[in-house]
Amino acid sequence: MAALKPAERPRIAGQQVLAGIQPSGIQHLGNYFGAVRQFIALQEGNRAAYFMADLHSLTSIRDAKRRRELTHAVALDFLALGVDPKRSVLYRQSDFPEVTELAWILTTVTPMGLLQRYVSYKDKLEQGLKPDHGLFAYPVLQAADILIWRADCVPVGQDQKQHLEVTRDVAVKFNLTYREVFKLPEPYILEEVAAIPGVDGRKMSKTVQNGIEMFAPEKALRRQIMGIVTDSKGVEAAKDPETSTIFQLYSLFANPEERAAMEQAFRKGGLGYGDAKQALYEKVLAYFANARAKRRELESRPDTVEDILRDGAARARAATAELMHEVRAAAGVGPPR
């Protein structure tokens, strides 16, 4: 895969980084460019922990077999794209029971009003859905995921800053109720990363199923790219690259000269959308060629992946044991130390 551009390289060092992905669907280009690529880069010079948030997915997926499949798929994605289990801690959320213990302790000091104002909960209400307690309490489990690591920073999108704000509020509430135990994490946001458009021109999202999946079989990947919605302009007509989903996606993979050539071809006319989509398809295949090969190899060794996750969970529990001792002592639960 191509190296990160200077503006996309991590600007921090020596910090504890924590991030997770909910296995609620197949990962796509938006997930990679908006999140996972940052995770990979932040391994350099930092202490990093990454996890598959299968407990969080209980709020949206009711099929146990599907949840296991998607959780395993996210683990494969992480490893294929460059998460190094020797440098980072990679684990499955449900293999780390201290997180749910901490979530309960934090729940007892979290104001109801804070959760009622949470965007995801409000969105579900506005959509006419009947959210369960899991969705309502989701931010507290998320806070536990972060605070248990004493994370310095959490890589998030610009639209996810509220996640960190709620986590900080919960930490402050605990610290004021008992004593100061938790540090307040900061969001790590790459301002250069814009929303990645999906095949319908809207933000690429698993929810609306408009993604382009970097690990899809070649025929399926080509079908997704060829399905990008365009206007009805013919081959010879000039086209506006600034409003083209094809051009925006192509620009993620192209070097400056290739991007300039594609832009000129759009504006001049003579380039059909089909040919532009084919060029994008070839770029995607080339960019992820090594990752796709590594993922296929990992798929043939499921026991190896499980060993990595079990080892990651053991390392996570060991690394956070002292923090949990402090939490229990502060709250007065468990045997006295």
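Residues numbered from 1 in each chain as written. Predicted model: local features only at pLDDT ≥ 70, side-chain atom pairs only at ≥ 80, totals over all residues. Heavy atoms only, no water.

(A) Representation of the packing of aromatic side chains in the model. On inspection of all chains with the given rule, the structure shows 19 aromatic pairs. Between Phe96 and Trp149 the ring centres are 6.4 Å apart and the planes differ by 70 degrees, which places this aromatic pair in the edge-to-face class. Of this pair, Phe96 sits in the loop between strand E3 (88–92) and helix H3 (98–107) while Trp149 sits in the loop between helix H6 (133–147) and strand E4 (153–155), placing them 53 residues apart in sequence. Using a relative accessible area of 0% as the deciding quantity, one classes Phe96 as buried. On the basis of an interplanar angle of 80 degrees and a centroid distance of 5.2 Å, the ring pair of Phe253 and Tyr287 is categorised as edge-to-face. (Phe/Tyr/Trp six-rings, centres within 6.5 Å; stacked < 30°, edge-to-face > 60°. Helix = DSSP H or I, 4+ residues; strand = E, 2+ residues; numbered from the N terminus. Buried < 20%, exposed > 50% of the residue type's maximum accessible area, 1.4 Å probe, protein only.)

(B) Fine view of the side chain of Asn175. Tracing the backbone shows Asn175 in helix H7 (residues 161–177). Given a relative accessible area of 14%, Asn175 falls into the buried group. Excluding anything up to four places from it in sequence, Asn175 contacts Glu180, Val181 and Phe182. (Contact = heavy atoms within 4.5 Å.)

(C) Focus on the pairing of E3. Of all five residues making up E3, five are buried, and the element is well covered by its neighbours. Of the strand pairs in this sheet, strand E2 (residues 47–52) and E3 are connected by five bridges, and their pairing is parallel. What sits directly across from Phe51, in E3, is Tyr91. (Pairing = 2+ DSSP bridges.)

(D) Focus on the nonpolar core. Within the largest apolar cluster, 58 residues are counted, with the highest numbers of intra-cluster contacts made by Tyr50, Phe78, Leu90, Ile212 and Phe288. The residues contacting Ile212, other than those within four sequence positions of it, are His28, Leu29, Val199, Met204, Leu221, Gln224, Ile225, Ile228 and Leu249. In terms of nonpolar packing, the next biggest core, distinct from the first, is built from 43 residues, Val156, Ala171, Ala316 and Leu323 among them. (Core = buried A, V, L, I, M, F, W, Y, C linked by side-chain atoms within 4.5 Å.)

(E) Seen up close, the packing of H3 against H6. At their nearest, the axes of H3 and H6 sit 8 Å apart, and the two run at 120 degrees to each other. Our classification of the angle between H3 and H6 gives oblique. Crossing of H3 against H6: the hand is right-handed. Judged by residue contacts, Val99, Thr100, Leu102, Ala103, Leu106 and Thr107 of H3 engage Val140, Leu141, Ala143, Ala144, Asp145 and Leu147 from H6. Classifying every residue of the contact of H3 with H6 by side-chain character gives nine nonpolar, two polar and one charged. (Axes fitted to C-alpha atoms, helices over the stretch in contact; angles between N-to-C directions. Parallel < 35°, antiparallel > 145°, perpendicular 65-115°, else oblique. Left-handed = near helix turned anticlockwise from the far one by under 90°. Nonpolar A, V, L, I, M, F, W, Y, C, P; charged D, E, K, R; others polar.)

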